[in-house]
Amino acid sequence: MAEERLKKMAGLESRVATEEEKPEPEKPVDREKTCPLLLRVFCNQNRFHRPEEFARGNVPSNELQIYTWMDCTLKELTGLIKEVNPEARRKGTFFDFATAYPDLRRGGYRLKEIGSTCSGRKGADDNKTLGSQKFQIGDYIDIAITPARPGGPRGARPY
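Residues numbered from 1 in each chain as written. Predicted model: local features only at pLDDT ≥ 70, side-chain atom pairs only at ≥ 80, totals over all residues. Heavy atoms only, no water.

A few points about the overall build of the protein chain
Now for step 1: Along the protein chain, the regular secondary structure elements total two helices and five strands.
Now for step 2: Counting from the amino terminus, helix and strand elements in the protein chain follow one another as α-β-β-α-β-β-β.
Now for step 3: Scored against the burial criterion, the 159 residues of the protein chain give a buried share of 33%.
Now for step 4: Once local pairs closer than 6 in sequence are excluded, the contacts in the protein chain between residues at least 24 apart make up 67%. (Helix = DSSP H or I, 4+ residues; strand = E, 2+ residues; numbered from the N terminus. Buried < 20%, exposed > 50% of the residue type's maximum accessible area, 1.4 Å probe, protein only. Contact = heavy atoms within 4.5 Å.)

Looking at the nonpolar core
Now for step 1: Of all hydrophobic cores here, the largest spans 18 residues; its most connected members are Leu-39, Val-41, Leu-77, Ile-81, Phe-97, Ile-141 and Ile-143.
Now for step 2: Breaking this core down by element, the ones donating at least two residues are β1 (37-45), α2 (74-84), β3 (94-102) and β5 (140-146).
Now for step 3: For this core, the element with the most residues is β1, which contributes four residues.
Now for step 4: Contacts of Leu-39, omitting those with residues within four sequence positions, involve Leu-64, Gln-65, Ile-66, Thr-68, Leu-77, Leu-130, Phe-135 and Ile-141. (Core = buried A, V, L, I, M, F, W, Y, C linked by side-chain atoms within 4.5 Å.)

Here we look at the sheet that holds strand β2 (residues 63-68)
Now for step 1: Spatial strand order, β2-β1-β5-β3-β4: five strands in an open sheet with mixed pairing. Edge positions in the sheet fall to β2 and β4 (109-118), since each of these pairs with one other strand and no more. Going from strand to strand, the sheet's axes swing by 30° on average, the running direction of each strand aside.
Now for step 2: Here α2 sits on the sheet and contacts β1, β2, β3, β4 and β5; the angle it forms with β4, its principal contact strand, is near 85°. (Pairing = 2+ DSSP bridges. Axes fitted to C-alpha atoms, helices over the stretch in contact; angles between N-to-C directions.)

Section: the pattern of salt bridges
Now for step 1: Overall, the coordinates contain seven salt bridges when judged by the stated rule.
Now for step 2: Among the salt bridges present, the one from Asp-71 reaches Arg-31, with a minimum N-O distance of 2.9 Å. Placement of the pair is Asp-71 in the loop between β2 and α2 and Arg-31 in the loop between α1 (2-9) and β1, with a sequence separation of 40 residues.
Now for step 3: You can call Arg-31 partly exposed: its relative accessible area is 29%.
Now for step 4: Among the salt bridges present, the one from Arg-50 reaches Glu-53, with a minimum N-O distance of 3.8 Å.
Now for step 5: In this structure Glu-53 comes out as partly exposed when scored by relative accessible area, which is 21%.
Now for step 6: Put simply, Arg-31, Asp-71 and Glu-76 are held in one network by salt bridges that share partners. (Salt bridge = Lys/Arg side-chain N within 4 Å of Asp/Glu carboxyl O.)

Focus: α2
Now for step 1: Looking only at α2, the buried set comprises Leu-74, Leu-77, Thr-78 and Ile-81. All buried residues of α2 project into a common sector of 105° when viewed along the axis, lining one side.
Now for step 2: Tucked into the core, α2 has its buried residues touching β1, β2, β3, β4 and β5. (Arc of directions from axis to C-beta.)

Details of the pairing of β5
Now for step 1: Counting buried residues in β5 gives seven out of seven residues, a clear majority hidden from the surface.
Now for step 2: The alternating pattern of β5 places Tyr-140, Asp-142, Ala-144 and Thr-146 and Ile-141, Ile-143 and Ile-145 on opposite faces, both of which are buried.
Now for step 3: Inspection of the sheet shows β1 paired to β5 by six bridges, in the parallel sense. If you follow Asn-44 over to β5, its bridge partner there is Ala-144.
Now for step 4: The pairing of β3 with β5 spans seven bridges and is classified as antiparallel. The residue of β5 that forms the bridge with Asp-96 is Ala-144.

Quick word on the packing of aromatic side chains
Now for step 1: Inspection of the entire model under this criterion finds five aromatic pairs.
Now for step 2: Ring geometry for Phe-42 versus Tyr-140: centroids 5.5 Å apart, planes at 90°, classification edge-to-face. Taken together, the residues span a long stretch of sequence, with Phe-42 in strand β1 and Tyr-140 in strand β5 at a distance of 98 residues. Here Phe-42 and Tyr-140 have matching classes, each one buried. (Phe/Tyr/Trp six-rings, centres within 6.5 Å; stacked < 30°, edge-to-face > 60°.)

So this is what it looks like as structure tokens:
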């Protein structure tokens with residue numbers, strides 16, 4: 001106690017900010033001047049692909065190639081997937097996103113879930129961008145598509 005008082009009087013007190021550090025806002029990408037990247041996307045029903053399916057130069061057979069930018073949002077990707085996948089157009093269909101990236105320590109690939117969207121509804125992850133989720137050019141996007149249930153949304157409570 002006395003030591004803290006002495007430090008205060010001497011002007012040596014800690015100036016630790018109590019606010020949480022906010023991440024720097026992303027710089028917008030000028031899509032007219034910036035070359036797009038090739039995003040290799042793999043969709044699967046109800047679950048993600050296993051990491052082994054990306055190992056040793058192999059990839060799952062259902063590849064979708066999209067040219068986009070690092071500021072592409074998950075909602076934007078959802079719209080592009082719905083354009084080519086008629087079953088995913090129904091309201092209430094969930095899209096769970098993960099990046100598949102090389103594990104340099106152990107070899108092979110790892111999956112990291114980065115967010116989810118729902119067709120026809122706004123959600124907390126809609127505006128997450130590839131860049132904000134530490135996506136690197138060369139990584140893959142894996143999407144688990146869960147079709148809408150006739151009885152209501154996924155995880156809805158019966159009461």
